[in-house]
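Commentary on secondary and tertiary structure
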Number of protein chains: 2
Amino acid sequence: MAKWIEGNGQYKDVVVSTRIRIARNLDNYRFPHKMSVEESERLTQEILDVMKNIPSDVSYKFYKINALTLTDRIAYIEEHLISPGLIQKPDHSSFLLRDDEKATIMINEEDHLRIQVLLPGLNFEEGWNGINQIDDFLEGYLEYAYDDRFGYLTACPTNVGTGLRVSAMVHIPCLSMIGHVDDMIRGFNKIGLTVRGIYGEGTEAAGDLYQISNQVTLGEDEEEIIRKLKNVIYQIINKERYVRDDLLKKKRYEIEDKIFRSYGLLKYARKISSKEAMKHLSNVRLGKEMGIIKDMEFKQIESLMIEIQPGSIQRIFKRELDDNERDIMRAKHIREKI
Amino acid sequence: MAKWIEGNGQYKDVVVSTRIRIARNLDNYRFPHKMSVEESERLTQEILDVMKNIPSDVSYKFYKINALTLTDRIAYIEEHLISPGLIQKPDHSSFLLRDDEKATIMINEEDHLRIQVLLPGLNFEEGWNGINQIDDFLEGYLEYAYDDRFGYLTACPTNVGTGLRVSAMVHIPCLSMIGHVDDMIRGFNKIGLTVRGIYGEGTEAAGDLYQISNQVTLGEDEEEIIRKLKNVIYQIINKERYVRDDLLKKKRYEIEDKIFRSYGLLKYARKISSKEAMKHLSNVRLGKEMGIIKDMEFKQIESLMIEIQPGSIQRIFKRELDDNERDIMRAKHIREKI
């Protein structure tokens, strides 16, 4: 199970997770896309040397991308512990993962440093504090690329300024059922927010999960960005909850049927694709949210949503599996967990 | 549970039931479609008087169609205890049902008497003996319409001669899966056999169940008719078994998946149509036949196939249900039984 899922977030009936990440670069190195392998190694070493000074009550493990199997790289992405961008240039990139897996320091993704804090439920305060702690610590030892007018400098102009991206992953099956999601996305885009699939930019929405995040990093301060996003997430929570109540009132049997059929299928299928499994896990999560499914915890359902992904399922069974084998082993794993 | 399902028939992996029925008419009455209510009552009374002489070790209950609720009439049809034809003219028709429900004497269906014996599995011998016993008994007291050249006279010429229809209900999901059923039906038609859905003439096949019966009643003696049908049923048994083995060898996971998904759906659905339920019960029966489903008996599955029908489900819950309620109560009943 991904460790970051442990713990008590708020509004878990709608908000799966809160993620805050900042982009930072060092003054005396070229941006990653211009960097040689030697330069990236020097940068990595400098960061590792700094990390020796962290307080003794926390500890990080260090992973070089090119030392991981392809399966493991993908599994870390599926767990949301690293970004897809980090494995694009394996010889340049690495990451430090805190033991509780709630914080990752990525080295040489698009920027020299991408620091993320990932927490279950809605939890911007703890997330923001966590990020600040790591950021303040690193800034004490490293020379950040910073411009008085623009703020933090980044490889891509969309991150310049605060370098901050805050996001919440929401589960909105009922807004999706009534066909409200597309409208919602258009509305958010107009106010500088982005809606993405579960694995970030360019990925498809699966399991009625959507990542809502700020688009703008320049011209607004951090607290303002977080406050604005939080307000929007509260609106989503209220709307989704309203539609759930309404559907339960008007179509109780249909909803229960949908949920229990998915539960039964997951409990008995002998072969299942990740796409189909996500659909049914989404229904089961809705069942949990509505108090209809009682024998499963949110963290169990969310772990399964990760564990059924192609990389994770191969890591669980400790070998490479072709498509057909994956579908079989996925069904087996789900049966063992439900 | 329909009582006739109890008992050990042969070849239950393919043959659900064996049914033998004979059509008989009395000499001194007009055929039912020409009969007045008074005349039909006189005929019924004559038969009831005869029935007082039956040996004391068997007993029959008498039911007048117009004394039954519509729900009960339909439920008796769904249990295969009476034919759909019997309820067409409720004021004329009635039936005597033996306590073990394996024999019915229908009065004023298309003919004055339609006598059927219904047994689980493949069991032409016991069926034929059972029919003969009843027929011999009745013939000892009643004047049958009989012609030396044509044999027994019947209302419809397709029954003249022996008045005999023997049929077996076969479950052939694998022949159906490989698309072999239409060819099979065409072949059987050429040799004087008829293939029908589960509720006889004009009904649709459901749950991969087909009734195979003789078409010809004239010019062949009874033993010959039975022998011929039995041979064909043996062929079907062999073919279906062969395809099952083959599919299990080549597509084990796909077959197991199909079976267990159906099992899971039936175990958890909160709303289900009879058509969908039949499809999944057919898959579960296949699972039992293949040794994949171990915690259900054939008679349980077959009872469910009857109990989920519209009339039976209303009888179980002792009240009239609209379509929507039926789907809900059907799902509830299935969950309680699986």
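Residues numbered from 1 in each chain as written. Chains lettered and ligands numbered in written order. Predicted model: local features only at pLDDT ≥ 70, side-chain atom pairs only at ≥ 80, totals over all residues. Heavy atoms only, no water.

With respect to the domain arrangement of chain A
Residue and element names in this part refer to chain A. Annotation of chain A at the domain level lists domain 1 (3–241) and domain 2 (251–337). Relative to domain 2, the C-alpha centre of domain 1 lies at a distance of 26 Å. Taken together, the two surfaces of domain 1 and domain 2 that pack against each other cover about 1900 Å², and 63% of this comes from carbon and sulfur. Taken together, domain 1 and domain 2 are joined by three salt bridges. Viewed at the interface, domain 2 and domain 1 are joined by ten residue pairs in polar contact (both at pLDDT 80 or more). Mapped by element, the contributors of at least two residues to the side of domain 1 that touches domain 2 are β1 (15–24), α2 (70–78) and α4 (173–177). Here the side of domain 1 that touches domain 2 takes six residues from α2, the largest share from any one element. (Domains from an automatic or database assignment. Buried area = accessible area lost by both parts, 1.4 Å probe. Salt bridge = Lys/Arg side-chain N within 4 Å of Asp/Glu carboxyl O. Polar contact = N/O pair within 3.5 Å; in protein donor to acceptor, adjacent residues only side chain to side chain. Helix = DSSP H or I, 4+ residues; strand = E, 2+ residues; numbered from the N terminus.)

Remarks on the packing of helix α8 (residues 298–307) of chain A against helix α10 (residues 323–337) of chain A
Residue and element names in this part refer to chain A. Where α8 meets α10, the closest approach of the two axes is 11 Å, and the angle between their N-to-C directions is 170°. Here α10 runs roughly antiparallel to α8, going by the angle between their axes. For the pair formed by α8 and α10, the contact residues are Gln-300, Leu-304 and Glu-307 on the first element and His-333, Ile-334 and Lys-337 on the second. Residue classes in the contact of α8 with α10 are distributed as two nonpolar, two polar and two charged. (Axes fitted to C-alpha atoms, helices over the stretch in contact; angles between N-to-C directions. Parallel < 35°, antiparallel > 145°, perpendicular 65-115°, else oblique. Contact = heavy atoms within 4.5 Å. Nonpolar A, V, L, I, M, F, W, Y, C, P; charged D, E, K, R; others polar.)

Thoughts on the environment of Ser17(B)
Residues and elements named next belong to chain B. Tracing the backbone through its elements, the reader meets Ser-17 in strand β1 (residues 15–24). Relative accessible area serves as the criterion here: at 5%, Ser-17 is assigned to the buried category. With 151 residues separating them in the primary sequence, Ser-17 and Ala-168 have C-alpha atoms 5.7 Å apart. Not counting residues within four places of it along the chain, the set of residues in contact with Ser-17 comprises Trp-4, Leu-118, Leu-119, Pro-120, Gly-121, Ser-167, Ala-168 and Met-169. (Buried < 20%, exposed > 50% of the residue type's maximum accessible area, 1.4 Å probe, protein only.)

Remarks on the relation of the copies chain B and chain A
With an RMSD of 0.0 Å, the fit of chain B onto chain A corresponds to turning through 180° and sliding 0.1 Å along the axis. With respect to symmetry, the two chain copies, as superposed, fit the operation of a two-fold axis. When C-alpha distances to the rotation axis are compared across chain B, the minimum falls at Gly264(B), with a value of 2.2 Å. Of all interface residues in chain B, 100% are interface residues in chain A too; the two copies therefore contact each other through one and the same surface. (Least-squares fit on C-alpha atoms with pLDDT ≥ 70 in both.)

A short note on the side chain of Arg98(A)
Residues and elements named next belong to chain A. Note on placement: Arg-98 falls in strand β3 (residues 94–98). The exposure class assigned to Arg-98 is buried, which follows from its relative accessible area of 16%. Looking at Arg-98, its side chain comes within polar contact range of the side chain of Asp-100, at 3.0 Å. With residues near it in sequence (within four places) discarded, Arg-98 still touches Val-58, Ser-59, Tyr-60, Ala-103 and Ile-134.

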